[in-house]
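Read off the chains here:
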Amino acid sequence: VRAPAIVHRWLGPVAARLDGAGLAVGIVAVLCLVIGGASELGVYQSAVIGRSLVTPADLAVLARLTATLPPGTIVMTNGGNDAGMWMTALTDLTPLVPNGSEYGSLSLGLDIALANACTDPSAAEAAVEKAAVVFIGARSIPRPMDGWDVNCLSRLPNLRLITSAPGDGGVAAAFAVIKG
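Values in this document were obtained by computation on a predicted structure and should not be read as measured data.

Describe the sheet that holds strand β4 (residues 159-167), and please don't skip the residues or the numbers.
Read from one edge of the open sheet, five strands run β2-β1-β3-β5-β4, paired in mixed fashion. What marks the edges here is a single partner per strand, and that holds for β2 (94-95) and β4. In this sheet, strand β5 (residues 170-177) lies alongside β4 in antiparallel orientation, the contact comprising eight bridges. Bridging from a neighbouring strand, Thr 163 pairs with Ala 174 of β5. Along the sheet face, helix α3 (residues 56-68) touches β3 (133-136), β4 and β5 and points at about 145 degrees away from the line of β4.

Next up, the structure:
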């Protein structure tokens, strides 16, 4: 089977040695690239929607923290679940659990304690003692593993609201940890 004349015009001298099997393999390769590219675009768009967590409310709260707290202040964030994941890129503050260590032994107990702040406030109170500030973003990823509730955190007696900003269906907030 010979390739159509249009293929000969596009490929020039290469098309002289192209038979039907080579043409079929070429068509399959192009289809794989097109279908694979469309699939990856869908995956990327979904990831952007799921991880576009920094809202104007988060930026306002982080800017106020940067303006009022000394550089290097230890801040407890909800790791990869909300805008706290970008704190080191957006501020000069230090996360209690370094980026890349979320969902591991350094953060799991803390995340669970704060996720259960309404039902077990004493564990949440103990967990925040390790930081100077607690930050919670206005929006979290879909189905966070251990999501925090700003209303539950605001009821803890050893947290005092420093600043907050409403936005994107939630509230970004920062709480000072009252020691002792």
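An account of a nonpolar patch on the surface is needed here, citing residue identities and associated values.
Together, Val 54, Leu 59, Trp 86 and Leu 90 line one region of the surface with nonpolar side chains, adding up to about 330 Å² of accessible area. Its place among the elements puts Trp 86 in the loop between β1 (74-76) and α4 (87-90).

Describe helix α6 (residues 121-128), with residues and values.
For α6, the full list of buried residues reads Ala 124, Ala 127 and Val 128. The buried residues of α6 occupy an angular sector of 90 degrees when projected down its axis, which confines them to one face. Where the residues of α6 are buried, they touch β1, α5 (108-115), β3, β4 and β5.

Could you give an account of the pairing of β5, with specific residues and numbers?
Remember that side chains alternate between the two faces of the sheet whenever the strand is regular. Within β5, seven of the eight residues are buried, which leaves the element mostly enclosed by the surrounding structure. Note that β3 and β5 share four bridges and pair antiparallel. The residue of β5 that forms the bridge with Val 134 is Phe 175. From the end of β4 to the start of β5, which pair antiparallel, there are two residues, and Asp 168 there has a positive phi angle of about 55 degrees.

Cut-offs applied
- Numbering of residues starts from 1 in every chain and runs along the sequence as written.
- In view of the model being predicted, local features appear only for residues whose pLDDT reaches at least 70, and side-chain atom pairs are presented and counted only at 80 or more, with totals across whole chains, interfaces and linings using the full set of residues.
- Where side-chain values are given, they derive from all heavy atoms of the structure, hydrogens and water being excluded.
- In this description, strands pair whenever DSSP reports at least two bridges between them.
- Strands here mean DSSP runs of E at least two residues long; helices mean DSSP runs of H or I at least four residues long; both are numbered from the N terminus.
- A contact between two residues is defined here by any heavy atoms of the two lying within 4.5 Å.
- Geometry is summarised by axes, namely lines fitted to C-alpha atoms with helices restricted to the contacting stretch, and by angles between N-to-C directions that run from 0 to 180 degrees.
- Surface patches are drawn from residues lacking salt bridges whose relative accessible area is over 30%; two like charges belong together within 9 Å, two nonpolar side chains (Val, Leu, Ile, Met, Phe, Trp, Tyr) within 5 Å.
- Residue exposure ignores everything except the shown protein chains as possible cover, and the areas themselves are Shrake-Rupley values with a 1.4 Å probe.
- By convention in these notes, a salt bridge is any Lys or Arg side-chain nitrogen within 4 Å of a carboxyl oxygen on Asp or Glu.
- Relative accessibility decides the category of a residue: with a 1.4 Å probe and only protein chains considered, values under 20% of the type maximum give buried, values over 50% give exposed, and everything between is partly exposed.
- Summarising the geometry, the arc corresponds to the directions from the helix axis toward the C-beta atoms.

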